[in-house]
Each structure stands twice: as C-alpha cells, then as structure tokens.
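# Summary of the model geometry
Listed below, chain by chain, are the residues.
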Amino acid sequence: MKIGFIGTGNMGSAIVEGYIKKYPDEKTNVFVFDKDTQRSKKLVHTYDIQYCDSIEQIMANSEAVILAVKPNIYGYVLEDIEKYASDQHIVVSIAAGVSIAFMESFFKGPIKIVRTMPNTPALVSEGMTALSRNAHILDHEFQRVIDIFKAVGKTEIIDEKLMDVVPGISGSSPAYVYMLIEALADGAVLHGMPRNQAYQMGAQAVLGAAKMVLETSKHPGDLKDMVCSPGGSTIEAVAKLEEKGMRSAVIEAVNVCTEKCKRMNE
C-alpha cells in the first residue's frame, strides 16, 4: 500500500519509523509532507523514503493518507485534501476528538475514513492503537490500515462511540505511568538509592507487570494477590495506596480525559 503522511511530528515519525523497520522493502511506497520541511527532509534522509512538497503531491502518490497533525488544524487540512481526493483514497485520522462524521462533512461524495487513536509508545514499537471505520471502506482495505499500526505495536478494533474513551485508558495513560515511575523512584531515592538506578528498576517493574497481564490473561487483581503475602510488606503498601485513593484517582483521571475528548467533538 502506498502511504502518505501529512505531518511528521512525534506520532507521524514514530509510525513511519516502525513501519519501515518492519517492512524495509516498502521505502518507495512511503511519502511524507510537512510544512516544516526540515523535519520531513530529516525523516526522508534517515529512512530513504519519499519527499513531497505539497498535499496535492501526497494525494497523487498515496492510497492511504495519514493525517498526523494537531486536532485544531484538521479542518484546514481536510479542506485541502478534499480538492484532490477520490473514492479510492483512504483518509486516516490519528487525532483525539475528531469524529468520522466531522471528517466526512468536508467531502462532497463518499470517502473512505479510518479513525484511529495511537499512543506515544509507538516510538519504541510498543504502541496501542484503537481503530474504527466508516461504511465506505472494504474489509481488505481496513485490514491494510490495521497492518500499518501493527508495525508499531498492538491494535484493537472498537465501535467509534467508544473512541473518546481511548485517550483516557491508552492515548494519555502513558503520562500517568510516567508519573508512577517517577514517584516510585522518588520513594527509593528517599532511602538512598541513586536516581538512575531507581528509574531503571521502577520502569522495569512496570514493564514486567504489564507483560504479566498481557501474557498470562490473569485478572490484574489475581496478579496483585500473588504478590501480597499475608502480613507482608506488599499488602501494607497496597493498603496505603487504597487509603490515599490511588484507585479512585486513576478512575477520575480516565473520566476527565474522556469528558474532555467528548467536548472536543462538539
């Protein structure tokens, strides 16, 4: 599939990097455009992909067009895309709060649209991307878009009505985890551990715990119980987290993030 990227910021670059690492023979089929030409040319030089100097050129060369730009400029970009779009193009959104209906409203005729929500761990090929589509895209076309995001991590197909929930649980949640790792390290530093060592140990513990959930398919509560010996130090720490409201704080974080995304759709 010929893939065009409009925007080469952190997320756009991460998807390009992951895709080329997984499919190195596809360099001639990846095209990038960014108003920041220095940024896009650096990506072209690093990965030997194809440079475009306009949206018109991207549309002429691409089957799937990934809009890797900020949500507040989607309208302007979609207005430009509409001038060159055909019923063979697949337009792919990666922005929070940009609905399929909003994107469809910029086109005079039927247009194939996939709405996605990836996250920044795509930079290290451990991303999580949720995808939904409109009625015009065929199954095999949708699968080809899914394969793009599988190159940078895992994927889940969801109903679009749940897409506003995704930032709270996945798109934004790496920020919560970074706060957790930082807090774990602060606690260790308080007791004399060097900070670099504390970050390494805290981050690996989080990575390992996440892998246990994914690979054992056990309930997170069951895995927690496996660590908590009767009268031990872990259950005492867990009791303190419950006392301080860790669980309710995380639930509320997901809630306010979701509500914000819903307002962005209005």
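Notes on the structure in this doc start here. As the structure is a computational prediction, the values presented were derived from the model and not from experiment.

## A closer look at the pairing of strand β1 (residues 3-6)
Within a regular beta strand, the side chains point alternately toward one face of the sheet and then the other, so they alternate between its two faces. Here β1 shows no split at all, with Ile 3 and Phe 5 on one side and Gly 4 and Ile 6 on the other all buried. Judged from the four bridges that link them, β1 and strand β2 (residues 30-33) form a sheet pairing that is parallel. Bridging from a neighbouring strand, Ile 3 pairs with Val 30 of β2. Viewed along the sheet, the connection from β1 through helix α1 (residues 10-22) into β2 turns out right-handed. Inspection of the sheet shows β1 paired to strand β4 (residues 64-67) by four bridges, in the parallel sense. Bridged to Ile 6 within β4 is Leu 67.

## Brief notes about the pattern of salt bridges
Summed over the entire model, instances satisfying the criterion amount to 13 salt bridges. A salt bridge links Lys 108 to Glu 82; its shortest N-O distance comes to 3.4 Å. Placement of the pair is Lys 108 in the loop between α5 (100-104) and β6 (112-117) and Glu 82 in helix α4 (residues 74-84), with a sequence separation of 26 residues. Of the charged contacts in the structure, one is a salt bridge between Arg 247 and Glu 242, with a shortest N-O distance of 2.5 Å. Under the relative-accessibility criterion, Glu 242 is labelled partly exposed at 39%.

## Here's the deal with the packing of helix α8 (residues 173-190) against helix α9 (residues 195-216)
As a packed pair, α8 and α9 sit with axes 8 Å apart at the nearest point and diverge in direction by 135 degrees. With respect to their mutual orientation, α8 and α9 come out oblique. Crossing handedness for the pair α8 and α9: right-handed. Only Arg 195, Ala 198, Tyr 199, Gly 202, Ala 203 and Val 206 of α9 make contact with α8, whose side of the interface consists of Val 177, Leu 180, Ile 181, Glu 182, Leu 184, Ala 185, Asp 186, Ala 188 and Val 189. Classifying every residue of the contact of α8 with α9 gives eleven nonpolar, one polar and three charged.

## Concerning the side chain of Asp 164
Examined against the element boundaries, Asp 164 turns out to sit in the loop between β8 (153-157) and α7 (166-171). Residue class for Asp 164 comes out buried when judged on its relative accessible area of 10%. At a separation of 3.4 Å, a polar atom in the side chain of Asp 164 contacts the side chain of Arg 115.

Rules of the game
- Residues numbered from 1 in each chain as written.
- Predicted model: local features only at pLDDT ≥ 70, side-chain atom pairs only at ≥ 80, totals over all residues.
- Heavy atoms only, no water.
- Buried < 20%, exposed > 50% of the residue type's maximum accessible area, 1.4 Å probe, protein only.
- Helix = DSSP H or I, 4+ residues; strand = E, 2+ residues; numbered from the N terminus.
- Pairing = 2+ DSSP bridges.
- Right-handed = clockwise from strand over helix to strand, strands pointing away.
- Salt bridge = Lys/Arg side-chain N within 4 Å of Asp/Glu carboxyl O.
- Axes fitted to C-alpha atoms, helices over the stretch in contact; angles between N-to-C directions.
- Parallel < 35°, antiparallel > 145°, perpendicular 65-115°, else oblique.
- Left-handed = near helix turned anticlockwise from the far one by under 90°.
- Contact = heavy atoms within 4.5 Å.
- Nonpolar A, V, L, I, M, F, W, Y, C, P; charged D, E, K, R; others polar.
- Polar contact = N/O pair within 3.5 Å; in protein donor to acceptor, adjacent residues only side chain to side chain.

So, to be careful, I would describe these as geometric facts and stop short of saying anything about function.
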